[in-house]
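Here is what each chain is made of, one letter per residue.
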Amino acid sequence: MDRSADAAGVLEHSDVGAQKNRVVTEEEWLQKWEMHNIGFHKEQGHPFLQKYLDVLLSGRSGLRIFFPLCGKAVDMKWPADMGHCVVGVEVSEQALKEFFAEHSLPYSEEPVLEIPGAKKLQSTSGNISLYCCSIYDLSSYASLMISLMEENSSYLLVTVSYDPNKHKGPPFYVPESEIKSLFGSHCEIKRLEEVDDFSERPRQWGLDYFLKVLYLLKLVS
């Protein structure tokens, strides 16, 4: 047996330990951006999306692709450059402005009247629209994602797996059972890949294994 999984696949922990009722507050998240404490940001894009973008697109053109909690993900530019429309949501305005600046994309800003305090940053090309507002609560997040899915929609979801009794997060441990609880009544759920992502950083957290798990969700009609 290796350190990351048993014969059935990803290890599941029934006790979430130190993570019980733990969340990253909006203030904590904004501070991460202000202090540039963004080790989660991938300068070269997410390898899962690089590998499975064709699975998500399924040969279709002119799609509307949603990036929730998008930060300044470089991945957003890939489908936009392919002619798709990209919509992102992020609570940090700094992150969104850095996305446009780092890609040298001119943009405009306008308030979103339906959501107090929210604003939309849109590329002048019109095919990248990033909204600055919060969708942080997990259960409401899942409900929102389901509500946005239409027939033939696909959703790539990445979680992490480790012993939650050894690290309080973030990132937070999300077992497959919770994915099924949140999405199972509406979506077909397929685990596409699990990758051993153990490195010095998880070791410093006191962990002895750290997995990233990719799921493909499809709306059940």
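Position numbers for residues start from 1 in each chain and track the written sequence from start to end. For this predicted model, a pLDDT threshold of at least 70 governs which residues receive local features, and a threshold of 80 or more governs which side-chain atom pairs are given and counted, while totals over whole chains, interfaces and linings are taken from all residues. As a convention, hydrogens and water are excluded, and side-chain values are obtained from all of the structure's heavy atoms.

Phe-67, Met-76, Ile-128, Leu-130 and Leu-156 are the most contacted members of the largest nonpolar core, which has 24 residues in total. Helix numbers and strand numbers start at the N terminus; a helix is a DSSP run of H or I with at least 4 residues, a strand a run of E with at least 2. For this core, the secondary-structure elements that each account for two or more residues are helix 2 (47-57), strand 3 (64-67), helix 4 (93-102), strand 7 (128-132) and strand 10 (211-219). By residue number, the principal contributor to this core is helix 2, which donates six residues. In what follows, a contact means two residues having at least one pair of non-hydrogen atoms within 4.5 Å. Those residues within four positions of Phe-67 in sequence are excluded, and the remaining contacts are Leu-49, Asp-75, Met-76, Pro-79, Val-86, Val-87, Gly-88 and Val-89. Among the nonpolar cores identified, the runner-up in size contains 19 residues, and Val-112, Ala-118, Ala-142 and Met-145 belong to it. What is meant by a nonpolar core is a set of buried Ala, Val, Leu, Ile, Met, Phe, Trp, Tyr and Cys residues, joined one to another through side-chain atoms within 4.5 Å. Think of it in three bands: with a 1.4 Å probe and only protein chains considered, a residue is buried below 20% of the maximum accessible area for its type, exposed above 50%, and partly exposed in between.

Right, let's talk about helix 6 (residues 176-183) for a bit. The set of residues buried in helix 6 consists of Glu-176, Ile-179 and Phe-183. Looking down the long axis of helix 6, one finds its buried residues gathered within 55° of arc, a one-sided arrangement. By construction, the arc corresponds to the directions joining the helix axis to the C-beta atoms.

Time to look at the environment of Ala-80. Along the chain, Ala-80 turns up in helix 3 (residues 77-81). In this structure Ala-80 comes out as buried when scored by relative accessible area, which is 8%. Sequence separation between Ala-80 and Gly-62 is 18 residues, and the spatial gap between their C-alpha atoms is 9.6 Å.

Once that is clear, we can look at the side chain of Lys-212. Among the structural elements, Lys-212 can be located in strand 10. Distance and chemistry together define a polar contact, namely a pair of N or O atoms within 3.5 Å, with one atom able to donate a hydrogen and the other to accept it when in protein, and with adjacent residues in sequence counting only for side-chain atoms on both sides. Reaching out from Lys-212, the side chain makes a polar contact with the side chain of Asp-197 at a distance of 3.4 Å.

So, on to the confidence of the model for the protein. Values of pLDDT, the confidence the predictor places in each residue, fall between 0 and 100. Averaged over every residue, the pLDDT of the protein is 89; residues scoring 70 or more account for 89%. Segment residues 1-8 is flagged for pLDDT under 50; beyond a separation of four residues in sequence, or across chains, it makes 14 contacts in the model.

In terms of burial, strand 8 (residues 154-161) is largely enclosed, as seven of its eight residues are buried. Summarising the sheet, strand 8 and strand 10 pair through eight bridges and their orientation is antiparallel. Among the inter-strand pairings, Val-160 is bridged to a residue of strand 10, identified as Lys-212. Being paired, for any two strands, means DSSP has found at least two bridges between them.

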